[in-house]
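Coordinates in review
Chain by chain, the residues:
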Amino acid sequence: MTQRLTIAHSPCPNDTFAFHAWTHGLLPEAPGLAVTLADIDVTNGLAERGGADLLKISYAALPYVLDEYVLLPCGGALGHGCGPLVLTRSEDGPAGSGPKWLAGRRVAVPGVRSTAYLLFRLWAARAVPGGVGDIVVMPFHEIMPAVRDGEADAGLVIHEARFTYRQYGLHRLADMGEEWEAGTGRPIPLGAIVARRALGEEQLRAVARAAADSVRFAWDHPSASRPYVLEHAQEMAPDVIEQHIGLYVNDYTADLGEGGYAAVRQLLGRSAAEGLVPAVTPSALEFPGTRWAASSEISRGGS
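The rules behind the values
Residues numbered from 1 in each chain as written. Predicted model: local features only at pLDDT ≥ 70, side-chain atom pairs only at ≥ 80, totals over all residues. Heavy atoms only, no water. Helix = DSSP H or I, 4+ residues; strand = E, 2+ residues; numbered from the N terminus. Rg over C-alpha atoms; globule rule 2.2 N^0.38 Å. Buried < 20%, exposed > 50% of the residue type's maximum accessible area, 1.4 Å probe, protein only. Areas by Shrake-Rupley, 256 points an atom, 1.4 Å probe, with all protein chains shown as cover. Lys, Arg positive; Asp, Glu negative; His and termini not counted. Charge placed at Lys NZ, Arg CZ, Asp CG, Glu CD. Contact = heavy atoms within 4.5 Å. Polar contact = N/O pair within 3.5 Å; in protein donor to acceptor, adjacent residues only side chain to side chain. Salt bridge = Lys/Arg side-chain N within 4 Å of Asp/Glu carboxyl O. 1 Å grid on protein atoms, 1.4 Å probe; cavity = no way out; pocket = protein on both sides within 12 Å on 5 of 7 lines; lining within 4 Å. Points joined across faces, edges and corners; volume = space filled by probe spheres on them. Pairing = 2+ DSSP bridges. pLDDT = per-residue confidence, 0-100.

1. Quick look at the overall build of the chain
Within the chain one finds twelve helices and eleven strands. The C-alpha atoms of the chain give a radius of gyration of 19 Å, which matches the 19 Å a tight globule of 303 residues would have. With the principal axes as the frame, the chain shows a C-alpha extent of 60 × 40 × 35 Å. The 303 residues of the chain split such that 55% are buried. Of the roughly 12400 Å² that the chain leaves accessible, carbon and sulfur atoms contribute 48%. Across the chain, the centroid of the 25 positively charged side chains sits 4 Å from that of the 34 negatively charged ones.

2. Here's the deal with helix α2 (residues 40–48)
Within the sequence span of α2, burial applies to I40, T43, N44, G45, L46 and A47. On the buried face of α2, the contacting elements are β1 (4–9), β3 (54–58) and β4 (69–71). Measuring from the backbone nitrogen of D41 back to the side-chain oxygen at the start of α2 gives 3.0 Å, which picks out D39 as the cap. Positive backbone phi, approximately 65°, marks G50, located one or two places after α2.

3. Regarding the pattern of salt bridges
All told, the structure shown has eleven salt bridges when counted by the stated rule. Ionic pairing is found between R205 and E201, a salt bridge with its closest N-O pair at 2.5 Å. One end of the pair, R205, and the other, E201, are both in helix α8 (residues 201–220), four residues apart, so they sit about a helical turn from each other. In this structure, the salt-bridge partner of R226 is E242, at a minimum N-O distance of 3.1 Å. With R226 in helix α9 (residues 226–231) and E242 in helix α10 (residues 238–248), this pair connects stretches of sequence that are 16 residues apart. On the basis of relative accessible area, R226 is assigned to the partly exposed category, the value being 39%.

4. Side note on the side chain of T253
As for its position among the elements, T253 is in helix α11 (residues 251–254). Residue class for T253 comes out buried when judged on its relative accessible area of 1%. Among the polar contacts made by the side chain of T253, one reaches the main-chain carbonyl oxygen of Y248 at a distance of 3.4 Å. Beyond its immediate stretch of four places on either side in the chain, T253 contacts C74, G75, G76, V215 and Y248.

5. Comments concerning empty space enclosed by the protein
One pass over the full model with this rule turns up one cavity of 30 Å³ or more. Taken as a whole, the largest cavity holds about 240 Å³ of empty space. Those elements that place two or more of their residues in the lining of the largest cavity are α1 (13–23), β3, α4 (115–127) and β11 (188–196). Element by element, the count of residues in the lining of the largest cavity is highest for β3, at three residues.

6. Quick notes on the pairing of β11
A large share of β11 lies buried, amounting to nine of its nine residues. When β3 meets β11, the two strands line up antiparallel, connected through five bridges. The residue of β11 that forms the bridge with L55 is V194. Across three bridges, β4 lies against β11 in antiparallel orientation. Considered in β11, the bridge of L71 is made with V194. Pairing analysis gives three bridges linking strand β5 (residues 77–79) to β11, with the strands arranged antiparallel. Within the sheet, the bridge partner assigned to L78 lies in β11 and is P189.

7. A look at the confidence of the model for the chain
Of the residues in the chain, 92% reach a pLDDT of 70 or more, and the chain-wide mean stands at 90. Here residues 291–303 scores under 50 on pLDDT; set against residues more than four positions off or in separate chains, the count is 38 contacts.

Structure, rendered in structure tokens:
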């Protein structure tokens, strides 16, 4: 195949690691790619405008784009112990009062269509009587400095912030992933890879194979992607990069499987029931040639 497809994903280590082989032409059977690196809030917006053939988006944004895009069964980010965190400047007050301290507070989030914010809304509806105050959207790398400097009372953070928030003098008030896993027993759906339905069934299957092969190539040749990953993670310490990749590139990245699809259905179904996203039918999540989306909800262990 020689057609060059457009793809937009984040510059985060998990994405540059997973897509390095495909991006750099190391998969002979894969279609060529023209890559745009952008923050997740940007790629969510691109998907709603039909702005690329393939995109990494938030699962929270998926219900809004399923008419034009199909969910790939690989390449995304799900897992255990990898959920968004709610951070504050000080333990004084929050430590004594718990989540109710957030009532009326200004909270910085990484996008209104981010999965982090969707999980936060599901949690806050039960945990914060009276609701939080103002919500301000920021690029995820600006949230911790904003909380540290008092521009926000709390921040909802993702990605490597899980490993670095203490460096900003911040404290964890709540872990959205712990809340989700305790309540569901499912992995946490974070980021999805979607492809334009108009590509057609044959090319969609080729794209899915390429995404899965790229992940497996990265695992088999971990040093090959290092310069590319480092180029786009210049402010991140090497040990943080390794932790980031180890947490967010896992079995579900190579293959959503029955457990992954079940987690996605549960997140979107519960969110739709609470009026937070449009309802999604199970058939809308089906991918050509796969059986998982229509199968029974059997969770697999591991991540």
